[in-house]
Every structure is written in C-alpha cells, then in structure tokens.
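Observations on the three-dimensional arrangement
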Amino acid sequence: KEEVKIERDLRVNQRIRASRVRLIDETGKQVGVVSIKDALKYAEEKGLDLVEVAPNADPPVCRVMDYGKYKYQQQIKDRKGKKAQHVIKIKELRLRPNIDRNDLRLKIEKAREFLKEGNKVKFTLLFRGRELAHTELGYELMKTVCEELEEHANIERPPKGEGRTIVTILSPKQG
C-alpha cells in the first residue's frame, strides 16, 4: 500500500515571485511591507530563510525562519499523528449452517476478542449444495450470533443473504 502525501509547496528565498511582501521576523513580530530584495537581505543577515507562508494574501506574507528545522519538525509531528491513529480492521469469521455448538461458542469468543481490540467483525455463513434449501436455519444462526455479541457490539449491517452466503458486520461499542 503506497501512501500519497500532499505537501503544501512553500516558496523559499529566490522562488518567491512577489515584488513586495509583508515580512514577519523570526520572533513572530511584524516588520511591515517591504520589497522582496530587502526581505531577502534581512533573512540573509539573520542566517535564516525567507518562507512564503500566505501566498494568497495581498501582499503575500513571508516569514524569516530556519526552513530545514521547520520541515524536520513537521515530519516529527506527522509521525506522531500516525502513531496515535488507530486503524480499524475487519476480521472475518466463517460459519457453516450445521456448525457444532462448541465450535460456534469458540467463534463467538474469538469475535469478542476482535471487538475488544477495536476491530470490526464480519460473519460469513456459507451454504453448499442442498443446505441452500434451508436458509432460514442460517438466519437463525446469525440471529443467535448477534444476540450473543449485542453487549460488545453494534450491528452495523444486519444479516443479509448474498447468493450462497449470509453476511453480517458487527462494530465495537464505544464505551
């Protein structure tokens, strides 16, 4: 899976096109509206970069800062944001209409574990051959599963027949 990151392209130093800019110094104080040459000279004297932070303003706003340090801090902030993110996965459990009571109990216990981890659970009940003549047994089985897990899960998608299968999706209760 390739992640696509859209980075706002900031213009730095000689890439700034405007003739006059509103200059903000490294401490955040406004210097005023100056020509681009004066702004570049001011940044060079401080040993820092001139970065265009608001290109759509009239005149564009430029800030004197260490651009390399700024980019590094942005990368750190992005990484922390990704760590804090919780990706919800869908775990699938497959059933058959003639499943044994203990096997069903184990599947339900596994589903509880998945729900406690914060994942969604998709139950797929597969019919083969003549089992398809008794889909009502499959719906009863799915109803039992949903009732067993109702204190741990919300029914995101009630049991629904799709060809040779009945599918239901449960999501963890927020609490």
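In what follows, the structure referred to is the one given above.
To start, this report covers the structure provided alongside it. Within each chain, residues carry numbers counting from 1 in the order of the written sequence. In keeping with the model being predicted, local features are shown solely for residues with a pLDDT of at least 70 and side-chain atom pairs are shown and tallied solely at 80 or more, while totals for entire chains, interfaces and linings include all residues. Side-chain numbers come from the whole structure's heavy atoms, not from hydrogens or water.

Details of the environment of E147
For helices the rule is a DSSP run of H or I covering at least 4 residues; for strands it is a run of E covering at least 2, with both sets numbered from the N terminus onward. Positionally, E147 belongs in helix α4 (residues 135-149). Among the residues examined, E147 registers a relative accessible area of 45% and is labelled partly exposed. Sequence-wise, E147 and G161 are 14 residues apart; in three dimensions their C-alpha atoms are separated by 18 Å. For the exposure calls, accessible area comes from a 1.4 Å probe over protein chains only, and a residue counts as buried if that area is under 20% of its type's maximum, exposed if over 50%, partly exposed in between.

A word on the packing of aromatic side chains
Aromatic pairing here means that ring centres of Phe, Tyr or Trp (its six-membered ring) are within 6.5 Å. Orientation follows from the plane angle: under 30 degrees is stacked, over 60 is edge-to-face, and everything else is tilted. Within this structure, the stated rule accounts for 1 aromatic pair. Measuring from ring centre to ring centre gives 6.3 Å for Y67 and Y70, while their planes differ by 25 degrees; the resulting arrangement is stacked. Residue Y67 and its partner Y70 are located together in helix α2 (residues 67-84), separated by 3 residues, close to a single helical turn.

Focus on the sheet that holds strand β1 (residues 20-24)
Within a sheet, adjacent strands bond to each other through the backbone by hydrogen bonds, running parallel or antiparallel. Reading across from one edge, β2-β1-β4-β3 is the order of the 4 strands in this open sheet, with mixed pairing throughout. Each edge of the sheet is formed by a strand with only one pairing partner; in this case those strands are β2 (30-35) and β3 (49-54). The sheet shows a mean angle of 35 degrees between the axes of neighbouring strands, direction not considered. Inspection of the sheet shows β1 paired to strand β4 (residues 61-65) by 3 bridges, in the parallel sense. Each bridged residue has a counterpart across the sheet, and for R22 the counterpart in β4 is V61. Taken strand by strand, helix α1 (residues 36-46) contacts β1, β2, β3 and β4, and its axis lies near 130 degrees from that of β2. Strand pairing is defined by DSSP finding a minimum of two bridges between the two strands. Only the stretch in contact is used when a helix axis is fitted, and all axes are lines through C-alpha atoms; the angle between N-to-C directions ranges over 0 to 180 degrees. Whether two residues are in contact is decided by their heavy atoms: any pair within 4.5 Å suffices.

What about the pattern of salt bridges?
For side chains bearing opposite charge, pairing can occur when the charged atoms are close. Salt bridges are counted wherever a side-chain nitrogen of Lys or Arg sits within 4 Å of a carboxyl oxygen of Asp or Glu. On inspection of all chains with the given rule, the structure shows 8 salt bridges. In this structure, R96 and E131 form a salt bridge, with 2.6 Å as the shortest nitrogen-oxygen distance. Of this pair, R96 sits in the loop between β5 (90-95) and α3 (101-116) while E131 is found in the loop between β6 (120-126) and α4, placing the two residues 35 residues apart along the sequence. A salt bridge links E148 to R112; the shortest N-O distance between them is 3.7 Å. Residue E148 is found in helix α4, and its partner R112 is found in helix α3; the two are separated by 36 residues along the sequence. Residue class for E148 comes out partly exposed when judged on its relative accessible area of 40%. Assessed through its relative accessible area of 15%, R112 is described here as buried. When salt bridges that share partners are traced, they join E109, R112 and E148 into one network.

A look at the packing of α3 against α4
The geometry of α3 relative to α4 is characterised by a closest axis approach of 10 Å and an angle of 45 degrees between their N-to-C directions. In terms of their interaxial angle, α3 and α4 are classed as oblique. Seen from above, α3 lies across α4 with right-handed handedness. Residues L104, I108, A111, R112 and L115 of α3 lie in contact with α4, whose contacting residues are L141, V145, E148 and L149. Class assignment of the residues belonging to the contact of α3 with α4 gives a composition of 7 nonpolar, no polar and 2 charged. Between 65 and 115 degrees an angle is taken as roughly perpendicular, under 35 as roughly parallel, over 145 as roughly antiparallel, and anywhere else as oblique. It is the rotation of the near helix from the far one that decides the hand of a crossing: anticlockwise by less than a right angle makes it left-handed, clockwise makes it right-handed. All residues other than Ala, Val, Leu, Ile, Met, Phe, Trp, Tyr, Cys, Pro, Asp, Glu, Lys and Arg, Gly among them, are scored as polar; the first ten of these are nonpolar and the last four charged.

Observations concerning α1
The complete set of buried residues in α1 reads I36, A39, L40 and A43. In a view along the axis of α1, the buried residues occupy a sector of 95 degrees, so they form one face of it. In α1, those exposed residues whose orientation departs by more than 90 degrees from the buried face are K37, K41 and E45. Packing partners of the buried residues in α1 comprise β1, β2, β3 and β4. Just past α1, the residue G47 takes up positive phi, approximately 75 degrees. Throughout, the arc means the angular range of directions from the helix axis out to the C-beta atoms.

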